[in-house]
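Now for the letters of each chain:
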Amino acid sequence: MSGLLVLLVFLGVALAVFLAGTLIEQRKARARMIRERLAEIQDPSSGKRATEDTALVRDELLSEIPAFDSILRRSGRVSNLQKVLEQADVKLRAGNFLLLCCAAGAAAGFVAWSFSHTLPLAWAGLLVGMFLPYSYVSYLRGKRFQRFEELFPNAVDTLARAVRAGHAFTTAIELIANEVAEPVAGEFRLLFEEQKFGRPVRDALTNLADRVPLVDVKFFITAVMLQRETGGNLAEILDNLSYMIRERFKILRQVRVYTAQGRLTMLLLMMLPPTVILVMLFMDPGFIGPLFTDPIGHTLIFIGITLQTTGYFIIRRIVQIQV
């Protein structure tokens, strides 16, 4: 109990100091904005340049709180987290997402403490609660990439037909952005806008591979850049690429059929222990109660969760076959 009280006091003091620093930083940012606007009135050309720079910086913010943003910029992992949020199409800054994870962890830890009144389970609830938002974002990211892979062959076919009809490559990209469904349309629209505003096509394609790190997209970008450097029939290359992607999907579906038993086994092994515990809590609470009240029971719970997690990743690695 004393350890939890010390932790709550520390979090309260840290939050108060952080809010005070944020208010001071916001006042400085507001004063700086006023000075920039006054400079724009005195010198319109410099004001235009400052406005463009401010827009670019605002687009790269990791948090809308200036003090928090300056702290997050020092970490490369937070920048990677921002990229994951964009790939999952989650309209949140990395700083706000981290605050959401902390809030979810605190809520889960409080609920675990309320039901068990044991510090180890409260810490376990805290960790699980902090990890849940990231797991959900990873799930959304995977579903979006899966949808992209399903629609990508249609986009390649559209590009091949447009090139065969005599359209330029950049104009064909615009056709994909207008005719293919999301999320392919959004990514190709951004690709078209980047090269439209002066970025070289090679750099724009590289950015597409960075935003959508899929094997099919890398094949597509490699084929297009090689054709632009060495020449050749782009429409024929794209037709072969589309055929290859569809064949790969056919093999992947066959692999999923062959690994269905392993995936079902993983699901049963993961769901069996919590189901048994819940059934025992309703049928005979006195029998299963020491598992949550006795220190030895806490150790057994920790060992069980560790073994369950290890088994999940081992079976998942076995049934996931790359095609």
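Shown above is the structure to which this text applies.
Everything in this summary refers to the structure shown in the same document. What you see is a predicted model; the values in this text were computed from it and never measured.

### Concerning the side chain of Glu 187
Position of Glu 187 relative to the elements: it lies in helix 8 (residues 184-196). Given a relative accessible area of 7%, Glu 187 falls into the buried group. Not counting residues within four places of it along the chain, the set of residues in contact with Glu 187 comprises Arg 144, Phe 148, Leu 208, Arg 211 and Val 212.

### Here's the deal with the packing of aromatic side chains
Under the defined criterion, the tally for this structure stands at six aromatic pairs. Through a chain of ring-to-ring contacts, the aromatic side chains of Phe 148, Phe 152, Phe 188 and Phe 220 assemble into a single cluster. For Arg 248, the ring lying beneath its charged end belongs to Phe 249, and the centroid distance is 5.7 Å.

### Digging into the nonpolar core
In terms of nonpolar packing, the biggest core is built from 35 residues, with Phe 188 and Phe 220 touching the most fellow members. Of the residues forming this core, the biggest block, nine residues, is contributed by helix 6 (residues 119-164). The contacts of Phe 220, once residues within four sequence positions are left out, are Phe 152, Val 156, Leu 159, Phe 188, Leu 205, Leu 238 and Leu 241. Core analysis: the second largest hydrophobic core is formed by ten residues, Leu 81, Val 84, Ala 94 and Phe 97 among them.

Conventions we followed
- Residues numbered from 1 in each chain as written.
- Predicted model: local features only at pLDDT ≥ 70, side-chain atom pairs only at ≥ 80, totals over all residues.
- Heavy atoms only, no water.
- Helix = DSSP H or I, 4+ residues; strand = E, 2+ residues; numbered from the N terminus.
- Buried < 20%, exposed > 50% of the residue type's maximum accessible area, 1.4 Å probe, protein only.
- Contact = heavy atoms within 4.5 Å.
- Phe/Tyr/Trp six-rings, centres within 6.5 Å; stacked < 30°, edge-to-face > 60°.
- Lys NZ or Arg CZ within 6 Å of the ring centre and 35° of its normal.
- Core = buried A, V, L, I, M, F, W, Y, C linked by side-chain atoms within 4.5 Å.

These figures capture arrangement, not role.
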